[in-house]
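Close look at the chain arrangement
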Amino acid sequence: MAERAPGLPLSARLIFGVLLVVEVLVVLFALEAMHLATWPAFVAMILFFAVHESKEEISKIILGGAFGIINFFLCMLFTGSTAHYFISLGKDLATLAPVMIYVAVFVFLIVVLTEAIPWLFNSYAFMYFTVAFADLASFMANNSVWIYWLAVELIAGTLLILGVLGVLKFLASWAVKRAQKVSA
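Quick notes on the rules
- Residues numbered from 1 in each chain as written.
- Predicted model: local features only at pLDDT ≥ 70, side-chain atom pairs only at ≥ 80, totals over all residues.
- Heavy atoms only, no water.
- Helix = DSSP H or I, 4+ residues; strand = E, 2+ residues; numbered from the N terminus.
- Rg over C-alpha atoms; globule rule 2.2 N^0.38 Å.
- Buried < 20%, exposed > 50% of the residue type's maximum accessible area, 1.4 Å probe, protein only.
- Contact = heavy atoms within 4.5 Å.
- Polar contact = N/O pair within 3.5 Å; in protein donor to acceptor, adjacent residues only side chain to side chain.
- Phe/Tyr/Trp six-rings, centres within 6.5 Å; stacked < 30°, edge-to-face > 60°.
- Patch = residues over 30% accessible without salt bridge, like charges linked within 9 Å, V, L, I, M, F, W, Y side chains within 5 Å.
- Areas by Shrake-Rupley, 256 points an atom, 1.4 Å probe, with all protein chains shown as cover.
- Salt bridge = Lys/Arg side-chain N within 4 Å of Asp/Glu carboxyl O.
- Expected span 1.5 Å × (residues − 1).
- Arc of directions from axis to C-beta.

1. Remarks on the overall build of the chain
Helix and strand counts for the chain stand at 7 helices and 0 strands. Moving toward the C terminus, one meets the helices and strands of the chain in the order α-α-α-α-α-α-α. For a compact globule of 184 residues, the expected C-alpha radius of gyration is about 16 Å, and the chain comes in at 20 Å, more than 25% above that figure. Scored against the burial criterion, the 184 residues of the chain give a buried share of 37%. The contacts of the chain with a sequence gap of at least 6 include a subset with a gap of at least 24, amounting to 71%.

2. Some points on the side chain of Glu23
When you line up the elements, Glu23 lands in helix H1 (residues 10–33). Among all residues touching Glu23, those that are not within four sequence positions of it are Leu159, Leu160, Gly163 and Val164.

3. Side note on the side chain of Asn122
Secondary-structure assignment places Asn122 in the loop between helix H4 (91–113) and helix H5 (123–134). Overall, Asn122 belongs to the buried group, its relative accessible area being 5%. From its side chain, Asn122 meets the backbone oxygen of Lys60 in a polar contact 3.3 Å long. Within polar-contact distance, the side chain of Asn122 engages the backbone oxygen of Pro118 at 2.7 Å. If we ignore the near neighbours within four places in the chain, the residues touching Asn122 are Lys60, Gly64, Ile110 and Thr114.

4. Brief notes about the packing of aromatic side chains
On inspection of all chains with the given rule, the structure shows 17 aromatic pairs. Centroid distance Phe72 to Trp149: 5.5 Å. Interplanar angle 50°. Geometry classified as tilted. In this pair, Phe72 sits in helix H3 (residues 58–82) while Trp149 sits in helix H7 (residues 145–183), placing the two residues 77 residues apart along the sequence. Its relative accessible area of 1% is what places Trp149 among the buried residues. Here Phe106 and Phe129 contribute two aromatic rings whose centre-to-centre distance is 4.9 Å and whose plane-to-plane angle is 55°, an arrangement assigned as tilted. Of this pair, Phe106 sits in helix H4 while Phe129 sits in helix H5, and the two are 23 residues apart along the sequence. Classification of Phe106 by relative accessible area gives buried; the value is 2%. What makes Phe129 buried here is its relative accessible area of 2%.

5. Thoughts on a nonpolar patch on the surface
Where nonpolar side chains cluster on the molecular surface, the patch consists of Ile101, Val105, Val107, Phe108, Leu109, Val111 and Val112 and spans about 570 Å² of accessible area. Relative to the assigned elements, Val107 resides in helix H4.

6. Digging into H5
With 12 residues, H5 should cover 16 Å at 1.5 Å per step; its first-to-last C-alpha distance of 17 Å lies within 8% of that length. Taken together, the buried positions of H5 are Tyr124, Ala125, Tyr128, Phe129 and Ala132. Buried positions in H5, seen along its axis, are confined to an arc of 140° and lie on one side of it. Looking at H5, the residues exposed on the side facing more than 90 degrees away from the buried face are Ser123 and Ala134. Those residues of H5 that are buried lie in contact with helix H2 (39–50), H3, H4, helix H6 (136–141) and H7. Where H5 begins, the side chain of Asn122 points an oxygen toward the backbone nitrogen of Tyr124, at a separation of 2.9 Å.

The structure is reproduced here in structure tokens:
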């Protein structure tokens, strides 16, 4: 996003900024009103900006993000079902060891399968997997919260990205009309 801003006239940047803020506030308000985590939606939008609004990356962001959240849940299942095998290492390591094993396998599969299945095994999946751990307290309080994260990522994340595309399309149309007025 920042890379494109200097190329746009100030008036276009102002319009883009206002419309983007409105979009963000509407989605934030809606998710907060439903008591849903906002991070799954906003990570999708941030990643979309990180790839310079590349339409080709949208499916990888959305599907990879969902895959990352699902793998977070699978990692928690794996940890819960195998931690007792590591209890001789102490309570903390008994929990950490299965997480480390899962992370190692997941990262390895991303590296190996990113060319074959890029819409699932990608850095977006790992980003969501990692950010989900930052909200581990929510999962520990309600181990079905990952389903809500998934829904928010798929629905609100997609809507945020589509909203950005809509704002950009509007700006392009506005710029053409403005240029036509100036040249007339």
